[in-house]
Amino acid sequence: MPRRLTGFTPSGDLHLGNYIGAIAPIVAGQGTTDTVVFISDLHALTLEHDPSDVRRRTLEFATLLLAAGADPGTCLFLVQSHVPEHTELHYLLECTTGYGEAQRMIQFKEKAGRQRQVRMSLLTYPILMAADILLYDTDEVPVGEDQTQHVELARDLAQRFNTRYGPTFTVPRAVNPPVAARIMDLTAPGDKMSKSAASPTGTLRLLDEPDVLRRKVMRAVTDAGSDVVYDPERKPGVANLLAILAACTHEDPNVLAKRFDRYAELKAAVADAVVATLAPIRDRYLRLSGDPDHVRAALRTGAERARELAGRKVRQAKSAIGLLPG
Ligand code: ADP
Ligand code: TRP
């Protein structure tokens with residue numbers, strides 16, 4: 001079975017795009033892929049952060065992943081900072097990365113350009129991400145376009161390390177989710193629905209109450225004209241609503257388009273489908289969050305299992321790179 005790994009950084013709120021693009025595929029693949037799912041809390045420290053927010057969100061994300069169907073019995077489910085091998089391997093990989101190579105990362109340039117104070121960890125974060133991936137001999141990393149360059153870096157580092165110090169790491173590859181899985185902001189259909197969106201009205205949060213979800217869908221930006229057709233180029237707003245409906249009902253957006261004569265009918269159907277998808281997750285979340293110890297226990301067991309694998313990999317890498325075994 002190929003091993004697949006996905007990380008969620010506890011900044012912002014998880015939304016329908018995360019669910020359709022990342023969480024639902026993890027849950028669906030649990031029987032046929034060997035899955036590692038983790039909360040990348042260390043990555044949340046690369047930008048200005050509030051400690052209590054990171055702590056609260058780490059537990060919230062873990063609870064939501066369980067509520068959405070992640071099964072800690074089947075997949076490896078953990079918090080990054082609970083497995084110190086992530087940072088240990090990070091250092092060894094820093095010694096494998098060129099300064100220029102890290103500086104060239106597009107996301108670093110974009111994020112650094114927007115701030116006055118840039119944390120050193122923002123520069124080295126793709127190397128920590130490479131450690132996350134290489135630590136578990138990951139074969140496949142499902143990521144959006146914005147993270148593809150980081151997975152390429154992980155590939156380069158694995159190959160370089162293996163060539164210079166002997167075969168140590170599995171060389172991973174990025175797998176892009178299908179295009180239809182890219183959900184756009186409801187108020188700005190040219191932009192991806194994102195945890196860091198400027199306005200919350202375009203983002204369907206996993207923990208929004210059903211009424212709030214409905215209201216956001218009914219107020220979604222549509223396009224000129226009144227025909228319901230699936231045309232992402234010319235009618236991005238309507239196409240996004242159809243893509244959401246298609247993802248929630250497992251149908252084809254072109255086929256769905258034929259069922260509606262007016263935008264209002266389409267919106268009502270999308271609101272129903274989104275509520276039908278997310279309300280049960282929210283209900284399970286509310287139940288599980290009444291017993292945080294249960295979630296913490298799952299994370300503890302996950303970290304213990306992860307440390308066995310990760311510890312072996314780090315020992316192998318330390319020995320290859322020239323450190324004296326302790
Ligand atoms: P965000 O962009 O909201 O900060 P992340 O970059 O943390 O989200 O992405 C976490 C996961 O969710 C990734 O696997 C990414 O591909 C997926 N994802 C994020 N936004 C969307 C979206 N709008 N549509 C589909 N998948 C998405
Ligand atoms: N950096 C990713 C994000 O912000 C999350 C992440 C951390 C990740 N480590 C990873 C994703 C390793 C894939 C593989 O979305």
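Residues numbered from 1 in each chain as written. Chains lettered and ligands numbered in written order. Predicted model: local features only at pLDDT ≥ 70, side-chain atom pairs only at ≥ 80, totals over all residues. Heavy atoms only, no water.

Novice: Lay out the packing of aromatic side chains with the relevant residues and their values.
Specialist: Under the definition given, this model contains two aromatic pairs. Here F161 and Y165 contribute two aromatic rings whose centre-to-centre distance is 4.9 Å and whose plane-to-plane angle is 65 degrees, an arrangement assigned as edge-to-face. Within this pair, F161 and its partner Y165 are both found in helix 7 (residues 145–165), separated by four residues, close to a single helical turn. Looking at F161, the relative accessible area reads 0%, which means it is buried. Ring geometry for F161 versus F169: centroids 4.9 Å apart, planes at 65 degrees, classification edge-to-face. Grouping residues by exposure puts F161 and F169 together as buried. A network of ring pairs unites the aromatic residues F161, Y165 and F169 as a single cluster. (Phe/Tyr/Trp six-rings, centres within 6.5 Å; stacked < 30°, edge-to-face > 60°. Helix = DSSP H or I, 4+ residues; strand = E, 2+ residues; numbered from the N terminus. Buried < 20%, exposed > 50% of the residue type's maximum accessible area, 1.4 Å probe, protein only.)

Novice: So what about the side chain of H43? Which residues, and what values?
Specialist: Among the structural elements, H43 can be located in the loop between strand 2 (34–39) and helix 2 (51–67). The contact partners of H43, leaving out residues within four places of it in the chain, are T9, Q80, Y125, L128, M129 and D132. (Contact = heavy atoms within 4.5 Å.)

Novice: Account for the nonpolar core, naming residues and giving values.
Specialist: With 56 residues, the main nonpolar core has F8, L204, I244, L266 and V274 as its most contacted residues. If you tally residues by element for this core, the top one is helix 11 (residues 263–288), at 13 residues. Shared between two domains, this core takes at least three residues from each, and those domains are domain 1 (3–176 + 292–321) and domain 2 (183–287). In this structure, L89, M105, A306 and A317 belong to the second largest nonpolar core, which totals 38 residues. (Core = buried A, V, L, I, M, F, W, Y, C linked by side-chain atoms within 4.5 Å. Domains from an automatic or database assignment.)

Novice: Can you tell me about the domain arrangement of the protein, naming the residues and giving the values?
Specialist: According to the domain assignment, the protein consists of domain 1 (3–176 + 292–321) and domain 2 (183–287). Contacts between the two partners involve 19 residues from domain 1 and, on the opposite side, 18 residues from domain 2. Carbon and sulfur atoms supply 74% of the area buried between domain 1 and domain 2, which totals about 1600 Å² over both sides. Where domain 1 packs against domain 2, one counts one salt bridge. For R205, the salt bridge identified is with D13, shortest N-O distance 3.2 Å. Scanning the region where domain 1 abuts domain 2 turns up six residue pairs in polar contact (both at pLDDT 80 or more). Counting residues per element, the ones that place at least two in the side of domain 1 that touches domain 2 are helix 1 (16–29) and helix 2. Ranked by residues supplied to the side of domain 1 that touches domain 2, first place goes to helix 1 with six residues. Its residues placed into classes, the side of domain 1 that touches domain 2 shows nine nonpolar, seven polar and three charged. (Buried area = accessible area lost by both parts, 1.4 Å probe. Salt bridge = Lys/Arg side-chain N within 4 Å of Asp/Glu carboxyl O. Polar contact = N/O pair within 3.5 Å; in protein donor to acceptor, adjacent residues only side chain to side chain. Nonpolar A, V, L, I, M, F, W, Y, C, P; charged D, E, K, R; others polar.)

Novice: Explain helix 7 to me, and be specific about the residues and the numbers.
Specialist: In a regular helix each residue adds 1.5 Å, so 21 residues correspond to 30 Å; helix 7 covers 31 Å between its end C-alpha atoms and thus fits that length. Those residues of helix 7 that fall on the buried side of the exposure criterion are Q147, H150, V151, L153, A154, L157, A158, F161 and N162. The buried residues of helix 7 occupy an angular sector of 160 degrees when the element is viewed end-on, so they sit on one face. Residues E145, T163 and R164 are exposed on helix 7 and point more than 90 degrees away from its buried face. Among the residues trailing helix 7, G166 stands out with phi positive, at a value near 105 degrees. (Expected span 1.5 Å × (residues − 1). Arc of directions from axis to C-beta.)

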